[in-house]
Amino acid sequence: MNAPLPAQVLKQHLIDPEICIRCNTCEETCPVDAITHDSNNYVVDPDICNGCMACVPPCPTGSIDNWRLMVRSEAYSVQEQFGWEELPKEKALPVVEEATAAGLSGAASDDASDDASEGAAPPSAQAAFTLPGASVPPWSAAHPYVNLYTHKAPMTATVVGNYRVTGADTESDIHHIVLDFGELPFPVLEGQSIGILPPGVDAQGRPHHARQYSLASPRDGERAGYNNLSLTVKRVTEDHGGAAAHGVCSNYLCDLAKNDTVQVIGPFGHTFLMPNHPRANLIMICTGTGSAPMRAMTERYRRRMDTGENGKLMLFFGARTERELPYFGPLMKLPRDFIDINLALSREPGQPKRYVQDLIRDRAGQVRDLLADRNTCIYVCGLKGMEVGVLDALRDVTMQAGQDWSILHDVLRREGRLHFETY
Ligand code: NAP
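Fair warning: this is a prediction, and the values are worked out from it, not measured in the lab.

Draft legend 1. Up close: the sheet that holds strand β7 (residues 193-197). With antiparallel pairing, the six strands of this open sheet are ordered in space as β8-β7-β10-β5-β6-β9. Each edge of the open sheet carries a strand with a single partner, namely β8 (211-214) and β9 (228-234). With strand direction ignored, the average angle separating the axes of adjacent strands in the sheet is 40°.

Here it is in structure tokens:
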């Protein structure tokens, strides 16, 4: 299956227009500028894409991971893709001499669909590309509903709360925003996200693309039994380099007042989900607003604290200072025998700079004990930069015990027990 493709056969990379939330992540990520968009669709230029797969892990919906074996001269053009409402069906590939030699005979249309569903990249790219986390949910996760509301038919939610959850005197202006869906169904699970469509157009006159936010509330609502959910949104006032920048959607959301309405699409996400079976343990590792799904999962556990069903909760939470750590007050009120809280503060005056990975090493014994339990799932959410540091720390604590991290890492991925959502 990984034999080189014959020269006239192209494994064309496509984006599913029915699932894509137009969040622009792929276009920003593509190292060769093969991805572009118009007001209708995000598309991949077959003449530029080299199948490097860099855009695949960051895509929040998986819409990016579509492939078709095509005769190169018949590849779908960018213009054609702009007009699509849905992906075209697989086409039978004509028998070609080189294709036969490569094991891609007349039966290639069937093979192609298998191959495409695995999102297999050209061999060179595939060798270089390994997801840090699992691409499957934990075995006991509940069934997620996805894409119930789309760009063509978004749903209107009403703002019923908007509160700042960081110290008023700090630079980190982080809001807890509660959206109500009224009578319309919006089933969600902890770990899923929604897309917000900010009003207005960008500098090119195109409608703003959707921005994705993780749920901060559990499946039964921000308020149990209500048809609502919450988000954790940081007002963006500068870019990653520290230069002044105005975040279109974050400022829109942080400025919303009670009873304002918002256009919502989603829900999204079918792997970063919590286990549903009794006594499952969670190791939650997050920075800043990456705490949103951890709050959702913790609240799910808190609401059933007295049932005896809960496993252990261990939290590693990174922020600049206590006052910039979202939900600091409510978090610290949780009983210590309910959740093991480890705060990594990087800019607290008078204290050494600490990152979550430092604390994972400090707590190596407890982390190892949990990792050894097949009921443990690990969730990592927040800054992209933490990914490598966290993986290194997990490797170190495993190796200190004389275990092989590469074997455990594979097991965790295969069993849907290690999940990343980093930006
Ligand atoms: P932040 O305040 O910039 O940083 C939080 C903490 O992480 C700080 O202590 C920071 O330390 C530390 N940090 C920086 N680099 C690190 C590294 N390489 N390893 C470990 N820790 C590191 O965080 P933020 O602005 O809230 O950003 C959170 C991220 O979560 C964003 O990228 C956001 O897109 C993402 N996210 C948000 C949501 C949501 O629903 N809102 C969901 C998923 C993910 P320093 O003092 O060194 O800066």
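Draft legend 2. Expanded view of helix α11 (residues 386-400). Taking 1.5 Å as the rise per residue, α11 with 15 residues should run 21 Å; its terminal C-alpha atoms sit 21 Å apart, in good agreement. Of the positions making up α11, those classed as buried are Met386, Glu387, Gly389, Val390, Leu391, Ala393, Leu394, Val397 and Thr398. Of the surrounding elements, those touching the buried residues of α11 are β11 (281-287), α9 (356-362), α10 (364-371), β14 (376-382), α12 (405-414) and β15 (418-422). Phi for Gly402, located one or two positions after α11, is positive at around 75°.

Draft legend 3. Focus on the site of the ligand. Taken together, the neighbourhood of the ligand is formed by 22 residues, with Thr232, Lys234, Ser346, Arg347 and Tyr355 sitting nearest. Between the ligand and the protein, one listed contact pairs an oxygen atom with a backbone N or O atom of Thr289 at 3.1 Å. One of the side-chain nitrogen or oxygen atoms of Lys353 is found 2.8 Å away from an oxygen atom of the ligand. Contact with the protein chains removes 84% of the 940 Å² of surface that the ligand exposes when unbound. Put simply, the parts of the chain that give the shell around the ligand at least two residues each are β8, β9, β12 (313-319) and β14.

Draft legend 4. Highlighting the pairing of strand β5 (residues 155-164). By the bridge criterion, four bridges tie β5 to strand β10 (residues 261-268) in an arrangement that is antiparallel. Among the inter-strand pairings, Thr158 is bridged to a residue of β10, identified as Thr261. With six bridges joining them, β5 and strand β6 (residues 174-180) adopt antiparallel strand pairing. If you follow Gly161 over to β6, its bridge partner there is Val178.

Draft legend 5. Representation of the packing of aromatic side chains within the structure. On inspection of all chains with the given rule, the structure shows four aromatic pairs. Look at Tyr76 and Trp84: their rings are 5.0 Å apart centre to centre, the planes differ by 80°, and that puts the pair in the edge-to-face class. Assessed through its relative accessible area of 5%, Tyr76 is described here as buried. Put simply, the rings of Tyr149, Phe181 and Phe186 touch in pairs and so form one group of aromatic residues. Sitting over the ring of Tyr327, Arg295 keeps its end group 5.0 Å from the ring centre.

Draft legend 6. Geometry of helix α7 (residues 292-303). With 12 residues, α7 extends 17 Å between its outermost C-alpha atoms, agreeing within 8% with the 16 Å of an ideal straight helix rising 1.5 Å per residue. Along α7, the residues that are buried comprise Ala292, Pro293, Met294, Ala296, Met297, Thr298, Glu299 and Tyr301. The inward-facing, buried residues of α7 abut β8, β9, β11, β12 and β14.

Draft legend 7. Looking closely at the pairing of β12. Counting buried residues along β12, seven of its seven residues qualify, which places the element largely inside the surrounding structure. Both faces of β12 are covered, namely the face carrying Leu313, Leu315, Phe317 and Ala319 and the face carrying Met314, Phe316 and Gly318. As judged from the six bridges shared by β11 and β12, these two strands associate in the parallel manner. Note that in β12 the partner of Ile285 across the bridge is Phe316. With α7 bridging β11 and its parallel neighbour β12, the resulting β-α-β unit is right-handed.

What counts and what doesn't
- Residues numbered from 1 in each chain as written.
- Predicted model: local features only at pLDDT ≥ 70, side-chain atom pairs only at ≥ 80, totals over all residues.
- Heavy atoms only, no water.
- Pairing = 2+ DSSP bridges.
- Helix = DSSP H or I, 4+ residues; strand = E, 2+ residues; numbered from the N terminus.
- Axes fitted to C-alpha atoms, helices over the stretch in contact; angles between N-to-C directions.
- Expected span 1.5 Å × (residues − 1).
- Buried < 20%, exposed > 50% of the residue type's maximum accessible area, 1.4 Å probe, protein only.
- Contact = heavy atoms within 4.5 Å.
- Near = heavy atom within 4 Å.
- Polar contact = N/O pair within 3.5 Å; in protein donor to acceptor, adjacent residues only side chain to side chain.
- Areas by Shrake-Rupley, 256 points an atom, 1.4 Å probe, with all protein chains shown as cover.
- Phe/Tyr/Trp six-rings, centres within 6.5 Å; stacked < 30°, edge-to-face > 60°.
- Lys NZ or Arg CZ within 6 Å of the ring centre and 35° of its normal.
- Right-handed = clockwise from strand over helix to strand, strands pointing away.

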